[in-house]
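Fold and contact review
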Amino acid sequence: LSTGNLTVKTWYRAVVTSGSCSSANSSAATVDISPASVGGTATATASSVCSGSGTTITLTGNTGTIQWQSSTNGTDYSDIDGATSSPLSTGNLTVKTWYRAVVTSGSCSSNSSAAEVTIKTSPVISAIGGSATTTQYKPETYTASGSNLGTLTWEIVDAPAHANISATT
């Protein structure tokens, strides 16, 4: 017997007859129908974090059981041991990482969208110019250079207090 495509749970049995004798029934076979697997959408609470920090990935719109995976190249994914529920805490990250869920319903599975988490690097100031001592009322020029400086604000450091110098960036 070939059942064809089924959409609801169905029971089958054979009814066997032989000539004029009474019929006999087989035991019933049940075919359960699982809902279609839906991967859903993976979303990072913060899609960019500082190196050594983490974020949370949430899965929505899915149907089925979850197995989270991660990738550092966006192509080759590996299962994350024990990560079978949403939300997922990434732990501390130091490299760009993609996260997705493999969602399984019955014998079918599908992948969620991927959530990409990029890493912000900390600023590095490689040089500050100016003289160590100056004459009163003589202007000095200081230069900050380096990488990932972002927004720069100068401070007057007079231990133990620090004060921003207004309108300097």
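**A word on the overall build of the chain**
When helices and strands are tallied, the chain shows 0 helices and 17 strands. For the chain, buried positions account for 18% of its 169 residues. For the chain, the computed accessible surface area is about 11500 Å², with 51% contributed by carbon and sulfur atoms.

**Considerations on the environment of Asn62**
For Asn62, the location among the structural elements is in the loop between β7 (56–60) and β8 (65–71). The partly exposed category is assigned to Asn62, whose relative accessible area is 25%. On a C-alpha basis, the gap between Asn62 and Ser112 in space is 7.8 Å, while along the polypeptide they are 50 residues apart.

**Side note on the pattern of salt bridges**
As enumerated under the stated definition, the model contains 2 salt bridges in all. The shortest N-O distance in the salt bridge between Asp32 and Lys9 comes to 3.4 Å. Here the residue Asp32 occupies a position in the loop between β4 (29–31) and β5 (41–44), and Lys9 occupies one in the segment before β1 (10–12), the gap between them amounting to 23 residues. Taking the relative accessible area as the measure of exposure, Asp32 reaches 56% and is therefore exposed. The salt bridge partner of Lys96 is Glu116, with a shortest N-O separation of 3.3 Å. With a gap of 20 residues between them, Lys96 in the loop between β10 (88–89) and β11 (97–105) and Glu116 in strand β13 (residues 115–120) connect regions that are remote in the sequence. For Glu116, a relative accessible area of 34% gives the class partly exposed.

**Description of the sheet that holds β10**
Two modes of strand pairing occur in sheets, parallel and antiparallel, and in both the strands are linked by backbone hydrogen bonds. On the basis of which strands lie adjacent, the open sheet formed by 3 strands has the order β5-β7-β10 and antiparallel pairing. Looking along the sheet, the strands with just one partner apiece sit at the ends: β5 and β10. Direction of pairing for β7 relative to β10: antiparallel, over a ladder of 2 bridges. Bridged to Ile57 within β10 is Leu88.

**Details of unusual backbone geometry**
Cis geometry marks the peptide bond from Ser86 to Pro87, where omega comes out at 5°. Within the fold, Pro87 resides in the loop between β9 (78–79) and β10.

**So, the pairing of β7**
Every second residue of β7 is oriented toward a common face, the buried set being Ile57 and Leu59 and the non-buried set Thr56, Thr58 and Thr60. Pairing of β5 with β7 involves 4 bridges; the strand directions are antiparallel. If you follow Ala44 over to β7, its bridge partner there is Ile57.

Reading guide: rules and limits
- Residues numbered from 1 in each chain as written.
- Predicted model: local features only at pLDDT ≥ 70, side-chain atom pairs only at ≥ 80, totals over all residues.
- Heavy atoms only, no water.
- Helix = DSSP H or I, 4+ residues; strand = E, 2+ residues; numbered from the N terminus.
- Buried < 20%, exposed > 50% of the residue type's maximum accessible area, 1.4 Å probe, protein only.
- Areas by Shrake-Rupley, 256 points an atom, 1.4 Å probe, with all protein chains shown as cover.
- Salt bridge = Lys/Arg side-chain N within 4 Å of Asp/Glu carboxyl O.
- Pairing = 2+ DSSP bridges.

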